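Fold and geometry: a report
If you want the building blocks of each chain, they are given just below.
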Amino acid sequence: MSIIKLEQITGSDADLKAALTDAHLPTDDIEDAGRTFFKALSADGQIVGFSGVERCDGDYLLRSVVVHPDHRRQRLGRAVVEEMLASLDLDGGVFLATTSAASFFANIGFSEVQRDSVPAAVLATRQLSSICPSSTTIMKLIKPQT
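Rules used in this analysis
- Residues numbered from 1 in each chain as written.
- Predicted model: local features only at pLDDT ≥ 70, side-chain atom pairs only at ≥ 80, totals over all residues.
- Heavy atoms only, no water.
- Helix = DSSP H or I, 4+ residues; strand = E, 2+ residues; numbered from the N terminus.
- Rg over C-alpha atoms; globule rule 2.2 N^0.38 Å.
- Buried < 20%, exposed > 50% of the residue type's maximum accessible area, 1.4 Å probe, protein only.
- Areas by Shrake-Rupley, 256 points an atom, 1.4 Å probe, with all protein chains shown as cover.
- Lys, Arg positive; Asp, Glu negative; His and termini not counted.
- Charge placed at Lys NZ, Arg CZ, Asp CG, Glu CD.
- pLDDT = per-residue confidence, 0-100.
- Salt bridge = Lys/Arg side-chain N within 4 Å of Asp/Glu carboxyl O.
- Contact = heavy atoms within 4.5 Å.
- Pairing = 2+ DSSP bridges.
- Axes fitted to C-alpha atoms, helices over the stretch in contact; angles between N-to-C directions.
- 1 Å grid on protein atoms, 1.4 Å probe; cavity = no way out; pocket = protein on both sides within 12 Å on 5 of 7 lines; lining within 4 Å.
- Points joined across faces, edges and corners; volume = space filled by probe spheres on them.
- Nonpolar A, V, L, I, M, F, W, Y, C, P; charged D, E, K, R; others polar.

**Observations concerning the overall build of the protein**
Along the protein, the regular secondary structure elements total five helices and seven strands. The secondary structure elements of the protein, listed N-terminal to C-terminal, are β-α-β-β-β-α-β-α-β-α-α-β. Against the globule reference of 15 Å for 146 residues, the protein gives a C-alpha radius of gyration of 14 Å, in line with a compact fold. By its C-alpha atoms, the protein is 45 × 35 × 25 Å across when sized along the principal axes. Looking at the 146 residues of the protein, the share that counts as buried comes to 44%. Within the structure as shown, the protein displays about 7,800 Å² of accessible surface, and the carbon and sulfur contribution to it stands at 47%. Between the centroid of the 14 positive side chains of the protein and the centroid of its 19 negative side chains there is a distance of 4 Å.

**Points about the confidence of the model for the protein**
Residues shown with low pLDDT carry predicted positions that ought not to be read at fine detail. On average, residues of the protein carry a pLDDT of 88, and 96% of them reach 70 or more. Taken element by element, the predicted model of the protein shows its lowest mean pLDDT in helix H5 (residues 126-131) (80) and its highest in strand E6 (residues 110-112) (95).

**Observations concerning unusual backbone geometry**
The backbone phi angle of Asp57 is positive, close to 55 degrees, even though this residue is not glycine. Along the chain, the position of Asp57 falls in the loop between strand E3 (47-56) and strand E4 (59-67). Residue class for Asp57 comes out exposed when judged on its relative accessible area of 65%.

**Quick look at the pattern of salt bridges**
As enumerated under the stated definition, the model contains nine salt bridges in all. Between Asp32 and Arg126 there is a salt bridge; the shortest N-O distance is 2.6 Å. Of this pair, Asp32 sits in the loop between helix H1 (14-22) and strand E2 (35-41) while Arg126 sits in helix H5, placing them 94 residues apart in sequence. Residues joined in a network through salt bridges with shared partners are Asp29, Asp32, Arg35, Glu54, Arg63 and Arg126.

**Structural notes on the environment of Leu61**
Structurally, the position occupied by Leu61 is in strand E4. On the accessibility criterion, Leu61 (1% relative accessible area) is buried. In this structure the C-alpha to C-alpha distance between Leu61 and Leu123, which are 62 residues apart in sequence, comes to 9.5 Å. In contact with Leu61, not counting residues within four places along its chain, are Gly52, Val53, Glu54, Cys56, Phe95, Leu96, Ala97, Val122, Thr125, Gln127 and Leu128.

**Some details on the sheet that holds strand E5 (residues 94-98)**
In sheet architecture, strand pairing relies on hydrogen bonds along the backbone and comes in two forms, parallel and antiparallel. The strand order E1-E2-E3-E4-E5-E7-E6 describes an open sheet built from seven strands, whose pairing is mixed. The open sheet has two edge strands, strand E1 (5-9) and E6, and neither has a second partner. Sheet twist, expressed as the average angle between the axes of neighbouring strands with direction ignored, equals 30 degrees. Those strands touched by H1 are E1, E2, E3 and E4, and its axis lies near 95 degrees from that of E3.

**A closer look at the layout of surface pockets**
Estimates place the volume of the largest pocket at around 1,000 Å³. Every residue lining the largest pocket is counted, 34 residues in all, and those nearest its centre are Val65, Val66, Ala101, Phe104 and Phe105. Of all the secondary structure elements, the ones that give two or more residues to the lining of the largest pocket are E4, helix H2 (76-86), E5, helix H3 (102-106) and H5. Here the element with the most residues in the lining of the largest pocket is E4; it accounts for seven residues. Looking at the lining of the largest pocket residue by residue, the class counts come to 18 nonpolar, 10 polar and six charged.

Laid out in structure tokens, this is it:
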């Protein structure tokens, strides 16, 4: 049983926007169609963070993973990502873009990939085509850690 419960929210959720802004994560496209966001709740119902995913044909772009500062260093970020991954139909690939959290995601089973190996639908997202800098590290879920 997970220590985190995900509850679906809209991209216009004020708490989501505030958390992403505070974490210096992009908010430019969170209200666009095709994105699904969740607030992450602890066992006692506290909002500990947020996550999101964007469907890209048969693949996914994991995005907007953030844990509130007062809940960090408790392995909740890992729990949020694992709960998000468990909710997906993993027939396709799961990708993400990061400028500062590559080592965190590597510990969960993501590996850096070259841009030319990323499916066209993932590269066409606003996140990868215009919002994130070209120096962004792109990662793919290779094997979930247990």
